[in-house]
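# Fold and contact review
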Amino acid sequence: MSIADRKRRAWNERDRLILETADVLLREHGYLGLNLDELARQIEYSKATIYNHYESKEDLILAVATTHYNTRTDFFARALTFQGKSRERIFVVGYADRLLAQLYPHWFPLEQLVSTQSIWEKATPERRDANLEASGKCMTTALEIIRQARSEGDLTEGGP
């Protein structure tokens, strides 16, 4: 393994640690209670290290929300491969969303928070783009099931 590969792996592991710990702090203390000094203490890195990964607290929060969308997309993607009728596949999407809401109730308020102007505008354009892409994948999955329902004749114009 090259030095560049080891550095990239270390960067990714540190980034995962930052995101996971920030997610816990957000769940426990909310946005206003997320303190980057406390985050740095818990991950045993300096605050400067956090700023090497994220330009601002808001940038970090948007990255956490993006990981939530990615997890939801993974759950929704299972619905696409579920061997059943389109109605059953769309039910799986709804069930997955409900399950995630029960398991991670702090995700949904966080996703609403990051869409506020005060958070959104302070995040980097790259982070905003990644968030939009991740959230779009969730919707794309549901729309694909609807497209499949139409092509299979399960859903027609004007009703089922």
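These notes cover the structure that comes with them.

Rules used in this analysis
- Residues numbered from 1 in each chain as written.
- Predicted model: local features only at pLDDT ≥ 70, side-chain atom pairs only at ≥ 80, totals over all residues.
- Heavy atoms only, no water.
- Buried < 20%, exposed > 50% of the residue type's maximum accessible area, 1.4 Å probe, protein only.
- Helix = DSSP H or I, 4+ residues; strand = E, 2+ residues; numbered from the N terminus.
- Arc of directions from axis to C-beta.
- Contact = heavy atoms within 4.5 Å.
- Polar contact = N/O pair within 3.5 Å; in protein donor to acceptor, adjacent residues only side chain to side chain.
- Core = buried A, V, L, I, M, F, W, Y, C linked by side-chain atoms within 4.5 Å.
- 1 Å grid on protein atoms, 1.4 Å probe; cavity = no way out; pocket = protein on both sides within 12 Å on 5 of 7 lines; lining within 4 Å.
- Points joined across faces, edges and corners; volume = space filled by probe spheres on them.
- Nonpolar A, V, L, I, M, F, W, Y, C, P; charged D, E, K, R; others polar.
- Salt bridge = Lys/Arg side-chain N within 4 Å of Asp/Glu carboxyl O.
- Axes fitted to C-alpha atoms, helices over the stretch in contact; angles between N-to-C directions.
- Parallel < 35°, antiparallel > 145°, perpendicular 65-115°, else oblique.

## Looking at helix H2 (residues 36-43)
For H2, the set of buried residues is Leu 36, Leu 39, Ala 40 and Ile 43. Summarising the axial view, the buried residues of H2 lie within an arc of 100°, below the 170-degree limit, and thus occupy one face. Contacts from the buried residues of H2 go to helix H1 (3-33), helix H3 (47-53) and helix H4 (57-81). At the N-terminal boundary of H2, the capping side chain belongs to Asn 35, with an oxygen 2.7 Å from the backbone nitrogen of Asp 37. In the stretch just after H2, Glu 44 is the one whose phi turns positive, near 60°.

## Notes on the nonpolar core
The nonpolar side chains of a soluble globular protein tend to be buried, and buried together. With 22 residues, the main nonpolar core has Ile 18, Leu 39, Leu 60, Val 64, Leu 110 and Val 114 as its most contacted residues. For this core, the secondary-structure elements that each account for two or more residues are H1, H2, H4 and helix H6 (107-114). No other element matches H4, which puts 6 residues into this core.

## Comments concerning the layout of surface pockets
In this structure, the largest pocket encloses a volume near 190 Å³. Only H1 and H4 provide two or more residues apiece to the lining of the largest pocket. When grouped by side-chain class, the residues that make up the lining of the largest pocket number 3 nonpolar, 3 polar and 3 charged.

## Section: the pattern of salt bridges
For the structure on display, the rule yields 11 salt bridges. The closest approach of N and O atoms between Arg 127 and Asp 59, which form a salt bridge, is 3.4 Å. Taken together, the residues span a long stretch of sequence, with Arg 127 in helix H8 (residues 125-151) and Asp 59 in helix H4 at a distance of 68 residues. Owing to a relative accessible area of 1%, Asp 59 belongs among the buried residues under this scheme. A salt bridge links Arg 72 to Glu 111, with the nearest nitrogen and oxygen atoms 3.1 Å apart. Taken as a pair, Arg 72 in helix H4 and Glu 111 in helix H6 lie far apart in primary sequence, 39 residues in all. Assessed through its relative accessible area of 9%, Glu 111 is described here as buried.

## Quick look at the side chain of Thr 124
With respect to the helices and strands, the residue Thr 124 is situated in the loop between helix H7 (117-120) and H8. Here Thr 124 is in contact with Glu 55 and Asp 59, once residues within four sequence places are set aside.

## Considerations on the packing of H1 against H4
Closest axis-to-axis distance for the H1/H4 pair is 10 Å, and the angle between their directions is 105°. In terms of orientation, H1 lies roughly perpendicular with respect to H4. Residue-level contacts link Ile 18, Leu 19, Ala 22, Asp 23, Leu 26, Tyr 31 and Leu 32 of H1 to Lys 57, Glu 58, Leu 60, Ile 61, Ala 63, Val 64, Thr 67 and His 68 of H4. Split into classes, the residues belonging to the contact of H1 with H4 amount to 10 nonpolar, 2 polar and 3 charged.

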